[in-house]
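Read off the chains here:
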Amino acid sequence: KQKTAYEIQVWLEFRRVLFRSFYLPKDNEYTFQSLKSDFSVELTLKKSNKIDKPKMTGYYVPEEQVLEILIIFNPQDVQKHYYDIVGELNEIVTHELTHLTQDIQGLLPKKDNQKSSLAYYSQPHEIEAQYKGFKRLSKLTQKPFEDVVRNWFETHEDRHLMTPEDYNQVINLIIKFKNDQRTN
């Protein structure tokens, strides 16, 4: 398959940064007019020869308005996972920017570490963030929304300590949220 010049440029930039850690932006903050707030991105890249597929996660730190993103990858085969990494980065950033927006609007509750995984992922602010992240990933991959959601929960089941019944409950809440968006 031939790549466009843009895809080659993006890949070369990605390869250039894969072999070091950095913060984005280094001494500045990002500003988007629609968000009405500045924020920073902390990107941590870790190499591991013990994994086959990259593992990624993100977190929004409300006190500092920072998006923290962690990518763990195997340097031996990162190239074959490039498009998956780009897709998941889109999902994570969209998800965490939704939390930033919720924070600005006063809709993001204080962190409660006592919640079960099911209780946490079923919260309204989390359902909205998951919906928006998966919507972005669905658009990017041109795959049906529900397929993207179900695939994500299947491929990330080690991360969230939920039973298949719990996953289905959260998936149903996300799909209900999506359907409610259509009627509003």
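Given the structure is predicted, the values throughout are model-derived calculations rather than measurements.

Participant: Would you mind going over the packing of helix α4 (residues 124-141) against helix α5 (residues 145-155) in detail, with residue names and values included?
Facilitator: Between two packed helices, the angle of one axis relative to the other and the distance separating the axes together describe the packing. Direction vectors running N to C along α4 and α5 enclose 110°, while the axes themselves pass 9 Å from each other. Classified by the angle their axes make, α4 and α5 are roughly perpendicular. Of the two possible hands of crossing, α4 and α5 adopt the one that is right-handed. For the pair α4 and α5, contact is made by Gln 130, Tyr 131, Phe 134, Lys 135, Leu 137, Ser 138 and Thr 141 and by Phe 145, Val 148, Val 149, Trp 152 and Phe 153, respectively.

Participant: Give a detailed account of the pairing of strand β5 (residues 66-73), specifying residues and quantitative values.
Facilitator: Note: strand β3 (residues 37-47) against β5, eight bridges, orientation parallel. When the sheet's bridge partners are listed, Val 41 is paired in β5 with Leu 67. Examined bridge by bridge, strand β4 (residues 55-61) and β5 share seven bridges and lie antiparallel to one another. From the neighbouring strand, Lys 55 faces β5, where its bridge partner is Ile 72. Where β4 folds back onto β5 in an antiparallel hairpin, the turn is made up of four residues, including Gln 65, whose phi is positive at roughly 50°.

Participant: Give me the packing of aromatic side chains: which residues, what numbers.
Facilitator: Counted according to the given criterion, the structure contains eight aromatic pairs. Seen from their ring centres, Tyr 131 and Phe 177 are 5.1 Å apart, and the 55° between their planes marks the pair as tilted. Of this pair, Tyr 131 sits in helix α4 while Phe 177 sits in helix α7 (residues 164-183), and the two are 46 residues apart along the sequence. Across the pair, Phe 177 and Tyr 131 agree in class, each one buried. Each residue in the set Phe 134, Trp 152, Phe 153 and Tyr 167 is aromatic and connected to the rest through ring pairs, giving one cluster.

Participant: Mind laying out helix α2 (residues 82-104), listing which residues take part and the relevant values?
Facilitator: Across its 23 residues, α2 extends 33 Å between first and last C-alpha, which sits within 8% of the 33 Å expected from 1.5 Å per residue. Gly 106 sits one or two residues past α2 and shows a positive phi near 75°.

Participant: Can you tell me about the pattern of salt bridges, naming the residues and giving the values?
Facilitator: Taken as a whole and assessed by the stated rule, the structure comprises four salt bridges. The shortest N-O distance in the salt bridge between Arg 150 and Glu 146 comes to 3.1 Å. Remark: Glu 146 and Arg 150 occur in helix α5; sequence separation between them is four residues, near one turn of the helix. With relative accessibility at 28%, the residue Arg 150 sits in the partly exposed group. Take Glu 146: its relative accessible area is 36%, and that puts it in the partly exposed class. One salt bridge connects Asp 180 with Lys 176, and the closest N-O pair in it is separated by 2.9 Å.

Thresholds applied
- Residues numbered from 1 in each chain as written.
- Predicted model: local features only at pLDDT ≥ 70, side-chain atom pairs only at ≥ 80, totals over all residues.
- Heavy atoms only, no water.
- Axes fitted to C-alpha atoms, helices over the stretch in contact; angles between N-to-C directions.
- Helix = DSSP H or I, 4+ residues; strand = E, 2+ residues; numbered from the N terminus.
- Parallel < 35°, antiparallel > 145°, perpendicular 65-115°, else oblique.
- Left-handed = near helix turned anticlockwise from the far one by under 90°.
- Contact = heavy atoms within 4.5 Å.
- Pairing = 2+ DSSP bridges.
- Phe/Tyr/Trp six-rings, centres within 6.5 Å; stacked < 30°, edge-to-face > 60°.
- Buried < 20%, exposed > 50% of the residue type's maximum accessible area, 1.4 Å probe, protein only.
- Expected span 1.5 Å × (residues − 1).
- Salt bridge = Lys/Arg side-chain N within 4 Å of Asp/Glu carboxyl O.

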